[in-house]
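The lines below spell out each chain.
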Amino acid sequence: KIDLVTIDIGRYLKNGELFWAKGLIPRTNLYSFTWPDFPFLNHHWLTGPVFFLVEAAAGFEGLSILYIGLSFLTFLLFFSLAKQESGLTVALASSLLALPLLVSRREIRPEIFSYFFTGLIFWLLWQYRQKRISSRMLFLIPVIELAWVNFHLYFFLGLILTAIFLIDAWIRPEAGRRPGIFRQPLCLVLILSFLAVLVNPAGLEGALYPLRVYENYGYRV
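Trainee: I'm lost on helix α3 (residues 88–102) in this one. Help?
Mentor: Residues spaced three or four apart along an α-helix face the same direction, because each turn holds 3.6 residues. Spanning 15 residues, α3 covers 20 Å between terminal C-alpha atoms, matching the ideal 21 Å at 1.5 Å per step. Taken as a whole, α3 carries its principal kink of about 30 degrees at Leu96; the proline Pro100 stands between one and four residues after it.

Listed below in structure tokens is the structure:
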């Protein structure tokens, strides 16, 4: 059971309605009675239009199905890797330990896209590291980052993961030789990903917003 009064789903739906009706992406705090012109950067603006369309087509049940579906796909991405590398027993045991944490965040929130995109990028990077996919598949990562920066604030996790795997590929000798870091396919992928996160309504400010999101959060977390 989800208490709709205490979560933010109403704001996401209203943002989506304003986008489809007026093409509006709020840059001020529209929902404040005392200071509606206060500057505001909506780092998950694209969630509103998506949630609004789903709710309009299938109601709150549809939103729940979307959230559960993305959660399940995210789980499968990590579970498949765990099974490949550690076997079914370890994967199942780890999953049982993780499930209480996974189900603790059951409200329908933009963060579900971050969970899914994290799993997807990690899956691509790991499969490439294990030589199960070609380097061409890595160029899906900038495309994912392009979507992610508009869906939720945690897009920087994809950049961090890509950088970690780039360093790993550079320091791990291949056939007795170590190509320069700038000759690694992941280097170009990382550069393109940095460019991709600039493609958001706030531009550079939006790309750097994770560094300052807590400057004026409004309440203690």
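What follows picks up the thread again.
Trainee: Please clarify how the packing of aromatic side chains should be interpreted in this entry.
Mentor: For any pair of aromatic rings, geometry is given as the distance between the ring centres together with the angle between the planes. If you walk through the whole model with that rule in mind, you get 15 aromatic pairs. The interplanar angle of 65 degrees and the centroid separation of 6.1 Å between the aromatic rings of Tyr12 and Phe51 together place this pair among those described as edge-to-face. Of this pair, Tyr12 sits in helix α1 (residues 9–22) while Phe51 sits in helix α2 (residues 47–86), and the two are 39 residues apart along the sequence. Each of the two residues, Tyr12 as well as Phe51, counts as buried.

Trainee: Just checking my understanding: could you explain the nonpolar core for this structure?
Mentor: Nonpolar side chains tend toward joint burial in soluble globular proteins. Core analysis: the largest hydrophobic core is formed by 35 residues, its most contacted members being Ile9, Phe51, Phe113, Phe117, Ile121, Leu125 and Ile141. Elements with a minimum of two residues in this core: α1, α2, α4 (111–129), α5 (140–151), α6 (156–171) and α7 (185–196). Filtering out sequence-adjacent residues up to four positions away, Phe51 remains in contact with Ile9, Tyr12, Leu13, Leu63, Leu66, Ile108, Arg109, Pro110 and Phe113. Counting residues in hydrophobic clusters, the runner-up holds five residues, among them Leu41, Leu153, Tyr209 and Val213.

Trainee: Can you walk me through the environment of Leu46 in this structure?
Mentor: Structurally, Leu46 is set in the loop between α1 and α2. Separated by 16 residues in the primary sequence, Leu46 and Gly62 place their C-alpha atoms 17 Å from one another. Residues within four places of Leu46 in sequence aside, it is in contact with Asn150 and Phe151.

Trainee: Explanation requested: the pattern of salt bridges in the structure shown.
Mentor: Pairing is possible between side chains of opposite charge, provided their charged atoms come close. Counted according to the given criterion, the structure contains eight salt bridges. With a shortest N-O distance of 3.4 Å, Glu205 and Arg27 are connected by a salt bridge. Highlighted residues: Glu205 in helix α8 (residues 204–208) and Arg27 in the loop between α1 and α2, separated in sequence by 178 residues. Arg212 is paired through a salt bridge with Glu205; the nearest N and O atoms lie 3.6 Å apart. Using a relative accessible area of 32% as the deciding quantity, one classes Arg212 as partly exposed. The class of Glu205 is partly exposed, set by a relative accessible area of 38%. The network of salt bridges with shared partners includes Asp8, Arg11, Glu107 and Arg109.

Trainee: Just to check I follow, could you spell out empty space enclosed by the protein for this structure?
Mentor: Over the atoms a probe the size of a water molecule is rolled, and this reveals where empty space is left. As enumerated under the stated definition, the model contains two cavities of 30 Å³ or more in all. Of the voids in this model, the largest cavity is the one considered here, and its volume is about 100 Å³. The volume enclosed by the second largest cavity comes to roughly 30 Å³. Taken together, Asn15, Phe19, Leu24, Ile25, Pro26, Asn42, Trp45 and Pro49 form the lining of the second largest cavity.

Trainee: Mind showing me how you'd approach the packing of α5 against α7 here?
Mentor: Each pair of packed helices can be summarised by the angle the axes make with each other and by the distance between the axes. Running from N to C, α5 and α7 cross one another at 20 degrees; their axes reach a closest spacing of 8 Å. Judged by the angle between their axes, α5 and α7 are roughly parallel. By crossing handedness, the relation of α5 to α7 is classed as right-handed. Together, Ile141, Pro142, Glu145, Leu146 and Val149 of α5 and Val189, Leu192, Ser193 and Ala196 of α7 make up the contact between the two elements. Classifying every residue of the contact of α5 with α7 gives seven nonpolar, one polar and one charged.

Rules used throughout
- Residues numbered from 1 in each chain as written.
- Predicted model: local features only at pLDDT ≥ 70, side-chain atom pairs only at ≥ 80, totals over all residues.
- Heavy atoms only, no water.
- Helix = DSSP H or I, 4+ residues; strand = E, 2+ residues; numbered from the N terminus.
- Expected span 1.5 Å × (residues − 1).
- Bend = angle between axes of the 7 residues up to and from the residue.
- Phe/Tyr/Trp six-rings, centres within 6.5 Å; stacked < 30°, edge-to-face > 60°.
- Buried < 20%, exposed > 50% of the residue type's maximum accessible area, 1.4 Å probe, protein only.
- Core = buried A, V, L, I, M, F, W, Y, C linked by side-chain atoms within 4.5 Å.
- Contact = heavy atoms within 4.5 Å.
- Salt bridge = Lys/Arg side-chain N within 4 Å of Asp/Glu carboxyl O.
- 1 Å grid on protein atoms, 1.4 Å probe; cavity = no way out; pocket = protein on both sides within 12 Å on 5 of 7 lines; lining within 4 Å.
- Points joined across faces, edges and corners; volume = space filled by probe spheres on them.
- Axes fitted to C-alpha atoms, helices over the stretch in contact; angles between N-to-C directions.
- Parallel < 35°, antiparallel > 145°, perpendicular 65-115°, else oblique.
- Left-handed = near helix turned anticlockwise from the far one by under 90°.
- Nonpolar A, V, L, I, M, F, W, Y, C, P; charged D, E, K, R; others polar.

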